[in-house]
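Remarks on the overall topology
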Amino acid sequence: MAQNQDRPKTVQQQKEQEYRQHVEQVTPKYSLPVRMVKAFVTGGIICLLGQFILNYATNTMGLDKETAGSWCSMLLVLLSVLLTGFNIYPKLVEWGGGGALVPITGFANSVASAAIEYQKEGQVFGIGCKIFTIAGPVILYGIFTSWALGVVYWILKMLQIL
């Protein structure tokens, strides 16, 4: 009888071991240093493109820095949305990781990809309701943090510390 009680445990242990081996086989292996270099290169190229736009707008077009910065942001967002629409930006994100997600282009990608994904549900209930599902928390916490820092700044000004 003791052998019968031990047998299910060994079958269960064997299944658990097979499951662990399966998970080990299908889980992708990543090298942190390689991923960091890829993110650095990707983010650097995006920043290089932005700097090129800024230099072109100020030196060639004669725009002031603020206007050139606005044009740079708009063009980077437009490029990101277009690349997202053509399904190129997600491949860039897969290769470059955080280097493609952190700049303004990553924010534009998150908004555009949600709009593309939910467009089949209609303009109002699809795009209108779901467009900020990914970017919404970023906007919310960004606004809240800026408000909180503004209150701290105001209090420090009132106390004449700043």
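Provided above is the structure to which this section pertains.
Note that the structure is predicted; figures quoted are calculated from it, not measured. Residue numbering note: each chain is counted from 1, following its sequence as written. Given that this is a predicted model, residues contribute local features only at a pLDDT of at least 70 and side-chain atom pairs are listed and counted only at 80 or more, while totals for whole chains, interfaces and linings are drawn from all residues. Only heavy atoms go into the side-chain values, all of them from the structure, while hydrogens and water stay out.

The next point concerns the overall build of the protein chain. Only runs of H or I of at least four residues qualify as helices and only runs of E of at least two qualify as strands under DSSP, and these elements are numbered from the N terminus. When helices and strands are tallied, the protein chain shows eight helices and zero strands. Taken from N to C terminus, the helices and strands of the protein chain fall in the order α-α-α-α-α-α-α-α. Radius of gyration: over C-alpha atoms. The globule rule applied is 2.2 Å multiplied by the number of residues raised to the 0.38 power. The C-alpha atoms of the protein chain give 25 Å as radius of gyration, which overshoots the globular expectation for 162 residues (15 Å, by more than 25%). Per-residue burial for the protein chain yields a buried fraction of 19% across its 162 residues. Residue contacts follow a heavy-atom distance rule, with two residues in contact if any of their heavy atoms lie within 4.5 Å. Within the protein chain, contacts between residues at least 6 apart in sequence are counted, and of these 48% link residues at least 24 apart. With the model as given, the accessible surface of the protein chain reaches about 12600 Å², and the carbon-plus-sulfur share is 67%. Considering the protein chain, the positive charge centre built from 12 side chains and the negative charge centre built from 9 side chains are found 3 Å apart. With a 1.4 Å probe rolled over the protein chains alone, any residue whose accessible area is under 20% of its type maximum counts as buried; one over 50% counts as exposed, and the rest are partly exposed. Note that accessible areas follow from Shrake-Rupley with a 1.4 Å probe, and for residues the cover is restricted to the protein chains shown. Residues scored as positive are Lys and Arg, those scored as negative are Asp and Glu, and His as well as the terminal groups of each chain are ignored. Charge coordinates come from a single atom per side chain, which is NZ of Lys, CZ of Arg, CG of Asp or CD of Glu.

What follows concerns the packing of helix α2 (residues 32–60) against helix α4 (residues 89–96). The axes used here are C-alpha line fits, helices contributing only the stretch in contact, and every angle between their N-to-C directions lies in the interval 0 to 180 degrees. One way to put it is that α2 packs onto α4 with a least axis distance of 8 Å and a crossing angle of 135°. Between α2 and α4, the angle is such that the two are oblique. Here Lys38, Ala39, Thr42 and Ile46 of α2 lie close against α4, whose contacting residues are Tyr89, Leu92, Trp95 and Gly96. We call Asp, Glu, Lys and Arg charged. Ala, Val, Leu, Ile, Met, Phe, Trp, Tyr, Cys and Pro are nonpolar, and the rest, Gly among them, are polar. In the contact of α2 with α4, the residues fall into five nonpolar, two polar and one charged. Here is the rule for angles: anything less than 35 degrees is roughly parallel, anything more than 145 is roughly antiparallel, 65 through 115 is roughly perpendicular, and the remaining ranges are oblique.

What follows covers the packing of aromatic side chains. Aromatic rings from Phe, Tyr and Trp, with only the six-membered ring used for Trp, were paired whenever their centres fell within 6.5 Å, and each pair was classed as stacked if the ring planes differed by under 30 degrees, edge-to-face if by over 60, and tilted otherwise. Overall, the coordinates contain two aromatic pairs when judged by the stated rule. Relative to Tyr56, the ring of Phe52 has its centre 6.3 Å away and its plane inclined at 25°; by these criteria the two rings are stacked. Within this pair, Phe52 and its partner Tyr56 are both found in helix α2, separated by four residues, close to a single helical turn. Whether a charge lies above a ring is judged from NZ of Lys or CZ of Arg, which has to be within 6 Å of the ring centre and within 35 degrees of the ring normal. In this structure, Arg35 packs its charged tip against the face of Tyr30, placed 4.3 Å from the ring centre.

Moving on to the nonpolar core. Core analysis: the biggest nonpolar cluster contains five residues, these being Val111, Ala115, Ile127, Ile131 and Ala135. Not counting residues within four places of it along the chain, the set of residues in contact with Ala115 comprises Ile127 and Ile131. In these notes, a set of buried Ala, Val, Leu, Ile, Met, Phe, Trp, Tyr and Cys residues joined through side-chain atoms within 4.5 Å is what counts as a nonpolar core.

The next point concerns a nonpolar patch on the surface. A contiguous nonpolar surface patch, about 720 Å² in accessible area, is contributed by Trp71, Met74, Leu75, Leu78, Leu82, Phe86 and Ile88. Judged by its relative accessible area of 48%, Met74 falls in the partly exposed class. Residues form patches when they are more than 30% accessible in relative terms and have no salt bridge. Like charges link within 9 Å. Nonpolar side chains (Val, Leu, Ile, Met, Phe, Trp, Tyr) link within 5 Å. Salt bridge, as applied in this entry: a Lys or Arg side-chain nitrogen positioned within 4 Å of an Asp or Glu carboxyl oxygen.

A complete count under the given rule lists two salt bridges for this structure. Linking Arg20 and Glu16 is a salt bridge whose minimum nitrogen-to-oxygen distance equals 3.6 Å. Of this pair, Arg20 and Glu16 both sit in helix α1 (residues 2–26), four residues apart, which is roughly one turn of that helix. Taking the relative accessible area as the measure of exposure, Glu16 reaches 36% and is therefore partly exposed. A salt bridge links Glu24 to Lys29; its shortest N-O distance comes to 3.2 Å. A relative accessible area of 58% means that Lys29 is categorised as exposed.

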